Amino acid sequence: MDSTPRKTLYQGGTGEIIEKKSRFIATTGSITTEEEAFAFIHKIKKQYWDARHNCYAFVAGKSHSLQRFSDDGEPGGTAGRPMLDVLLKEGVHDAVVVVTRYFGGVLLGTGGLVRAYQKATQEGLRNSLIIERRQGVPLQIGTDYNGIGKIQYILAQKQVPTINTSYTDRVLAEVMAPVERLAEIQDAVTEATNGTAQFQVGGTVEFAEIDGEIKIF
């Protein structure tokens, strides 16, 4: 199983630039299918119905297997493809971006258009929430009160996010272990507690840490 972290657009945003009096408004969204992408594009085109151009690009799939773009009336190769190149260069998955252009009366030339559409796309991504999705294993660690301090130290040292900790007659720490480091974490905890810690290992999931909280997909 591929444990490589995957940058994903989780929450869309908007960004705007002005280039020689032309307004370029980038709107981003989170998608997983072609149908979702085209529904988003249609919504933005409807919102900016009076604009001269609504160019788009989108990518989806773990290996960017789905890629589409459109210049929407701009000279070929000056809008959609450069926008797609930004998404690929940034390594963003499951993302759609529509750049709306309100013409300002000054021609930009092909090079100017490429730079403007790329710059607008970058601005849209800057105002979006992009997360890192990883393969992980929910891991419950049971210990007595003497062992919890050592376990918490190990978890902090190895940057393992804690989901919850409950205190009864024993302490139960629920953590999300990156799949490629599960054995390493268990070995470290076992050694630190002289083999007294108990483990309950869940199934592999995809997770991300968002605003200090663990979200499982």
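Preceding this section is the structure that the text describes.
Residues numbered from 1 in each chain as written. Predicted model: local features only at pLDDT ≥ 70, side-chain atom pairs only at ≥ 80, totals over all residues. Heavy atoms only, no water.

Mind showing me how you'd approach the overall build of the protein here?
When helices and strands are tallied, the protein shows five helices and twelve strands. Taking 2.2 N^0.38 as the reference for a compact globule, 217 residues should give roughly 17 Å; the C-alpha atoms of the protein span a radius of gyration of 23 Å, well beyond that estimate. The 217 residues of the protein split such that 45% are buried. Residue pairs at least 24 apart in sequence account for 71% of intrachain contacts in the protein once pairs closer than 6 positions are excluded. When the accessible surface of the protein is totalled, it reaches about 11100 Å², and 47% of it is carbon and sulfur. For the protein, the separation between the mean place of its 24 positive charges and that of its 26 negative charges on side chains is 8 Å. (Helix = DSSP H or I, 4+ residues; strand = E, 2+ residues; numbered from the N terminus. Rg over C-alpha atoms; globule rule 2.2 N^0.38 Å. Buried < 20%, exposed > 50% of the residue type's maximum accessible area, 1.4 Å probe, protein only. Contact = heavy atoms within 4.5 Å. Areas by Shrake-Rupley, 256 points an atom, 1.4 Å probe, with all protein chains shown as cover. Lys, Arg positive; Asp, Glu negative; His and termini not counted. Charge placed at Lys NZ, Arg CZ, Asp CG, Glu CD.)

Which parts of the structure should I look at to understand a nonpolar patch on the surface?
Taken together, the side chains of Y10, L129 and F217 present a nonpolar region at the surface, about 220 Å² in accessible area. Along the chain, Y10 turns up in strand 1 (residues 6–11). (Patch = residues over 30% accessible without salt bridge, like charges linked within 9 Å, V, L, I, M, F, W, Y side chains within 5 Å. Salt bridge = Lys/Arg side-chain N within 4 Å of Asp/Glu carboxyl O.)

Whenever I open this one, the nonpolar core confuses me. Can you help?
Side chains that are nonpolar tend, in soluble globular proteins, to be buried together. Counting residues in each nonpolar core, the largest one holds 22 residues, and the members touching the most others are F24, M83, L87, V97, V99 and Y117. For this core, the secondary-structure elements that each account for two or more residues are strand 3 (22–30), strand 4 (53–60), helix 2 (80–90), strand 6 (95–102) and helix 3 (109–126). Top contributing element to this core by residue count: helix 3, with five residues. When neighbours within four sequence positions are excluded, M83 is seen to be in contact with C55, Y56, A57, V97, V98, V99, Y117 and T121. Among the nonpolar cores identified, the runner-up in size contains 15 residues, and Y48, A51, A60 and Y102 belong to it. (Core = buried A, V, L, I, M, F, W, Y, C linked by side-chain atoms within 4.5 Å.)

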